Amino acid sequence: PAGPRGPYRVVLLGASGVGKTAFASIFAGAADSMDSDDCELCVDEVCEKGIEVDGEPATLTLLDRWDAETDSEWAQENHMQTGDAYLLLYSITDRASFLRASELRITLRRFRPAQHTPIILVGNKCDLVRRREVSVSEGRACAAIFDCKFIETSAAMQHNVWEAFHGIVRQLRLRRESK
Ligand code: GDP
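Quick caveat, the model's predicted, so the values are computed rather than measured.

**Q** Mind showing me how you'd approach the environment of N124 here?
**A** Along the polypeptide, N124 turns up in strand β6 (residues 119-124). Spatially, the C-alpha atoms of N124 and L89 are 6.7 Å apart, while their sequence positions differ by 35 residues. In this view, N124 contacts V18, G19, F23, Y90, S91, I92, T153, S154 and A155; residues no more than four positions away in its chain are not counted. A polar atom in the side chain of N124 sits 2.8 Å from the backbone oxygen of V18.

Rendered as structure tokens:
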């Protein structure tokens with residue numbers, strides 16, 4: 001079990017092509033303005049890194065092993081059970097990926113019945129304004145129904161990506177405090 005500072009296991013979920021790999025490379029890379037170290041431990045699509053959120057350190061282990069196309073159902077379900085928190089990605093340019101995110105949320109609920117598993121619904125590629133297929137209000141409404149937080153990001157512009165990771169840490173801390 002994770003201590004007060006982690007490591008917290010954060011799982012990236014979402015249809016293929018929504019930007020999971022892009023998220024993972026921002027996390028692993030030197031893009032973090034507060035911590036210019038490269039990923040401390042990166043093996044096999046798992047990356048562990050210390051970051052600072054609201055002046056306090058936290059360690060996140062990011063898992064980007066999800067392969068929606070090729071993994072067996074067993075492997076996918078197994079993967080879904082490994083997280084302390086989840087970033088559920090879709091692309092705002094791809095309505096099918098938005099529907100997929102809803103399905104994944106429902107599946108996740110089977111494995112994570114606890115009310116307070118931190119989940120953030122992430123609408124990625126918000127830089128592609130002219131190709132938008134999912135509106136901000138639809139994303140927000142979906143998150144409200146699924147009782148999770150919502151953020152729009154652009155991995156390409158590195159916009160709000162760290163905000164999403166920080167949001168996860170804040171939720172994990174709140175959950176610990178409420179226990
Ligand atoms: P994955 O299959 O979920 O891991 O998706 P990838 O991270 O491989 O991204 C799929 C494609 O979308 C790649 O060509 C990325 O460069 C591109 N991409 C990812 N995030 C963004 C974004 O925020 N904006 C734009 N314009 N392209 C993105």
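**Q** Help me out: how do you make sense of the site of the ligand in this one?
**A** The environment of the ligand is formed by 15 residues, the closest being G17, K20, T21, D127 and A155. The contact in question runs from an oxygen atom of the ligand to an N or O atom on the backbone of A22, over 2.8 Å. In terms of residue count, the dominant contributor to the shell around the ligand is helix α1 (residues 20-28) (three residues).

**Q** Just to check I follow, could you spell out the packing of aromatic side chains for this structure?
**A** Within a pair of aromatic rings, the relevant descriptors are the distance that separates the centres and the angle that separates the planes. Under the definition given, this model contains five aromatic pairs. Each ring, one from W162 and one from F165, has its centre 5.4 Å from the other, and the planes form 55°; the classification is tilted. Of this pair, W162 and F165 both sit in helix α5 (residues 161-177), three residues apart, which is roughly one turn of the helix. Through a chain of ring-to-ring contacts, the aromatic side chains of F23, F27, W162 and F165 assemble into a single cluster.

Calculation criteria
Residues numbered from 1 in each chain as written. Predicted model: local features only at pLDDT ≥ 70, side-chain atom pairs only at ≥ 80, totals over all residues. Heavy atoms only, no water. Helix = DSSP H or I, 4+ residues; strand = E, 2+ residues; numbered from the N terminus. Contact = heavy atoms within 4.5 Å. Polar contact = N/O pair within 3.5 Å; in protein donor to acceptor, adjacent residues only side chain to side chain. Near = heavy atom within 4 Å. Phe/Tyr/Trp six-rings, centres within 6.5 Å; stacked < 30°, edge-to-face > 60°.

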